[in-house]
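# Observations on chain architecture
Now for the letters of each chain:
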Amino acid sequence: MDEVTLLEGLLRSYSPTAAEQLAVEFLAHAMRGLDFQVEVDAVGNAIGWRGEGGRQIVLLGHIDTVRGEIPVRREGDLLFGRGAVDAKGALACFVAAVSQLTIPSGWQVVVIGAVGEEGDSRGAKAIVDRYWPDFAIIGEPSGWDRVTLGYKGSLLLSYRVEQPLAHPAAQAENAPEAAVAFWNRLTAAAAAWNEPYQRTFDQVTPILRQMQSGEDGFNGWAELWINLRLPAWFAPGQAFIELSALAGAGRLHLLDAVPAYLGEKNTALVRAFLSAIRAVGGKPAFALKSGTADLNLAAPVWGCPAVAYGPGDSNLDHTPNEHISLSEYRRSIGVLKEVLNQLMQV
Amino acid sequence: MSLTSCPECEAAIELNDVLVGEIVVCPDCGVDLEVISLEPLQLELAPMEEEDWGE
């Protein structure tokens, strides 16, 4: 199976989060045909590996996509389909590159198509304790000539405030007004925290996701769902404490917390990417992402050099126009092969 | 020990035991530099850090 057939087959196996089975079966079958040993684990991750030995490289991609099937089609060099960029392009790049390598004695290379990354990352959570890699590469679109060093963290919480009802003319603050006042205190605090920082990656970004309010004749209530995108200097626990101090009469409830991750530049892994990109005529760059990814989850556990890499323009993530350039996809396979070869000479 | 100059400020830079792809800092102007070859020792401005959306 060639690299384009592999990617096209993955795209045709529509696999929104929690319904990945079709794509997992396709990938497992494809990897067996490309000389991988393969298993599908208990949570449904497709895992393939080549080589046996004490040193290990894990390439962790994700096989689920956001909802919204896009008919798979080619227009010249472009291949359209849900997941072309986020992140079946990167996952297919991993499989194709590893299949074309001779794995030296003492090394094992593992490719994981994890389920659930667009949801609760249940696939990555199920495998982080199974592997202790020397190097890790997470499959997300960076562009063929860029290496992603970091993703911001995320704090998801709800805020609920209740107030006894008063006559509207009494000019007492009601629950919706109290919730709005909390939101205003939060955004003012974020502006103050962000004052020393120029980059979005270093700033706290508050996002109001939902708001509801109601009353039962005696009491009124208001609820906000808030997402804070967090920089590396602001741990989710500290952010929760700071917000609690702003909560007034309301109560905060923690829904999810993911710390930011920022990897080192001076590692054998980053050096291999820089020289591999330059070797094929590229001018390498580093990317810092304002979202979160399985890199946030896996890299701190593994404690090894870790970056994210994959072909594609992340501005097309989650859009109805998602597509990838096949020539870029092929270049990324060439870069990754060179990176893996260099790492396994260490 | 190898000698070269900073491509940004032209200050002389001495480096020992560096690797291709390593990021070093110019002691004069503070800019990040990437070692792109060892023989001869050559430095270029290190890759830019670009921000974008994505998760």
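Residues numbered from 1 in each chain as written. Chains lettered and ligands numbered in written order. Predicted model: local features only at pLDDT ≥ 70, side-chain atom pairs only at ≥ 80, totals over all residues. Heavy atoms only, no water.

Turning our eyes to something else, we now look at the interface of chain A and chain B. Taken together, the contact pairs 28 residues of chain A with 19 residues of chain B. Summed over both partners, the interface of chain A with chain B comes to about 2200 Å²; 42% of that surface belongs to carbon and sulfur atoms. Among the residues of chain A in contact with chain B, A:Arg271, A:Arg278 and A:Phe286 are the three that bury the most area, contributing 25% of the side total. Where chain A meets chain B, there are eight salt bridges. A:Arg199 serves as the salt-bridge partner of B:Glu49, at 2.3 Å between the closest nitrogen and oxygen. In this assembly, chain A and chain B are joined by 17 residue pairs in polar contact (both at pLDDT 80 or more). Elements with a contribution of two residues or more to the side of chain A that touches chain B: β8 (146–151), α7 (268–279) and β14 (285–289) of chain A. Per-element tally for the side of chain A that touches chain B: the top contributor is β14(A), with five residues. Broken down by class, the residue content of the side of chain A that touches chain B amounts to eight nonpolar, eight polar and 12 charged. (Contact = heavy atoms within 4.5 Å. Buried area = accessible area lost by both parts, 1.4 Å probe. Salt bridge = Lys/Arg side-chain N within 4 Å of Asp/Glu carboxyl O. Polar contact = N/O pair within 3.5 Å; in protein donor to acceptor, adjacent residues only side chain to side chain. Helix = DSSP H or I, 4+ residues; strand = E, 2+ residues; numbered from the N terminus. Nonpolar A, V, L, I, M, F, W, Y, C, P; charged D, E, K, R; others polar.)

Looking now at helix α1 (residues 3–12) of chain A. Residue and element names in this part refer to chain A. Burial analysis of α1 places seven of its 10 residues in the buried class, the great majority of the element. When α1 is considered as a whole, its buried residues turn out to be Val4, Leu6, Leu7, Glu8, Gly9, Leu10 and Leu11. Buried residues belonging to α1 abut α2 (21–33), β4 (73–75), β5 (78–80), α3 (88–99), β16 (323–325) and α9 (326–343). In this structure Asp2 caps α1, since a side-chain oxygen of it lies 3.1 Å from the backbone nitrogen of Val4. (Buried < 20%, exposed > 50% of the residue type's maximum accessible area, 1.4 Å probe, protein only.)

Residues and elements named next belong to chain A. Core analysis: the biggest nonpolar cluster contains 64 residues, and Ile57, Leu59, Ile137, Phe273, Tyr329, Leu336 and Leu340 have the highest contact counts within it. Filtering out sequence-adjacent residues up to four positions away, Leu340 remains in contact with Ile57, Leu59, Val98, Leu101 and Ile137. Counting 24 residues, the second largest nonpolar core, distinct from the first, contains Leu157, Ala175, Leu230 and Leu243. (Core = buried A, V, L, I, M, F, W, Y, C linked by side-chain atoms within 4.5 Å.)

This part takes up the pattern of salt bridges. Enumeration over the complete set of coordinates arrives at 20 salt bridges over all chains. Salt-bridge contacts for B:Glu50 lead to A:Arg146; the nearest nitrogen and oxygen are separated by 2.7 Å. Linking B:Glu50 in strand β6 (residues 49–52) with A:Arg146 in strand β8, this pair reaches from one chain into another. B:Glu50 sits in the partly exposed class, given a relative accessible area of 33%. Assessed through its relative accessible area of 13%, A:Arg146 is described here as buried. Its salt-bridge partner being A:Glu162, residue A:Arg160 comes within 3.1 Å of it at the nearest N-O pair. Here A:Arg160 falls in the partly exposed class, since its relative accessible area comes to 32%.

In this section: the sheet that holds strand β5 (residues 41–45) of chain B. All names here are of chain B. If you trace the three strands from one edge of the open sheet to the other, you get β3-β4-β5, paired in antiparallel fashion. Strand pairing shows two members of the sheet lacking a second neighbour, β3 (23–25) and β5, which therefore form its edges. The average undirected angle you get between the axes of adjacent strands in this sheet is 45°. One ladder, built from five bridges, connects strand β4 (residues 32–38) with β5; its direction is antiparallel. Across the sheet, the residue bridging to Val35 is Leu43, located in β5. (Pairing = 2+ DSSP bridges. Axes fitted to C-alpha atoms, helices over the stretch in contact; angles between N-to-C directions.)

Residue and element names in this part refer to chain A. In this structure the tally under the stated criterion is five aromatic pairs over all chains. Here the aromatic rings of Tyr197 and Trp233 are separated by 5.1 Å at their centres, their planes lie at 15°, and the arrangement is stacked. Placement of the pair is Tyr197 in the loop between α5 (175–194) and β10 (205–215) and Trp233 in the loop between β11 (219–230) and α6 (236–244), with a sequence separation of 36 residues. Residue Tyr197 is classed as partly exposed on the basis of its relative accessible area of 28%. Relative accessible area serves as the criterion here: at 34%, Trp233 is assigned to the partly exposed category. Each member of the aromatic cluster is reached from another via a ring pair, and the members are Trp193, Tyr197, Trp233 and Phe234. (Phe/Tyr/Trp six-rings, centres within 6.5 Å; stacked < 30°, edge-to-face > 60°.)

Residues and elements named next belong to chain A. In the numbering adopted here, UniProt assigns the feature "binding site: Zn(2+) 2" (unreviewed entry) to Asp86, Glu118 and His318. Spanning 233 residues, the named residues form one tight spatial group whose C-alpha atoms are at most 10.2 Å apart. Tracing the chain through its elements places Asp86 in the loop between β5 and α3. Side-chain polar atoms of Asp86 contact the side chain of His62, separated by 3.1 Å. Within the secondary structure, Glu118 is located in the loop between β6 (107–114) and α4 (122–127). (UniProt positions renumbered as here; feature names shortened; annotations may be inferred.)

As a further point, take unusual backbone geometry. Here the amide bond leading from A:Asp86 into A:Ala87 is cis, since omega sits at -5°, within 30 degrees of zero. Secondary-structure assignment places A:Ala87 in the loop between β5 and α3. Even without a glycine there, the phi angle at B:Glu10 is positive, about 70°. The topology assignment puts B:Glu10 in the loop between β1 (2–5) and β2 (12–15). With phi around 50°, B:Asp17 is a residue other than glycine that occupies positive phi space.

Now for the sheet that holds β16(A). Residue and element names in this part refer to chain A. Sheet architecture is open: three strands sit in the order β4-β5-β16, paired in antiparallel fashion. Each edge of the open sheet is held by one strand with a lone partner, namely β4 and β16. Looking at each pair of strands side by side, their axes are set apart by 25° on average, direction ignored. Sheet topology note: the β5/β16 ladder contains three bridges and is antiparallel. What sits directly across from Leu78, in β16, is Ser325. Strand contacts of α1: β4, β5 and β16, with the helix running at about 25° to β5, the strand carrying the most contacts.

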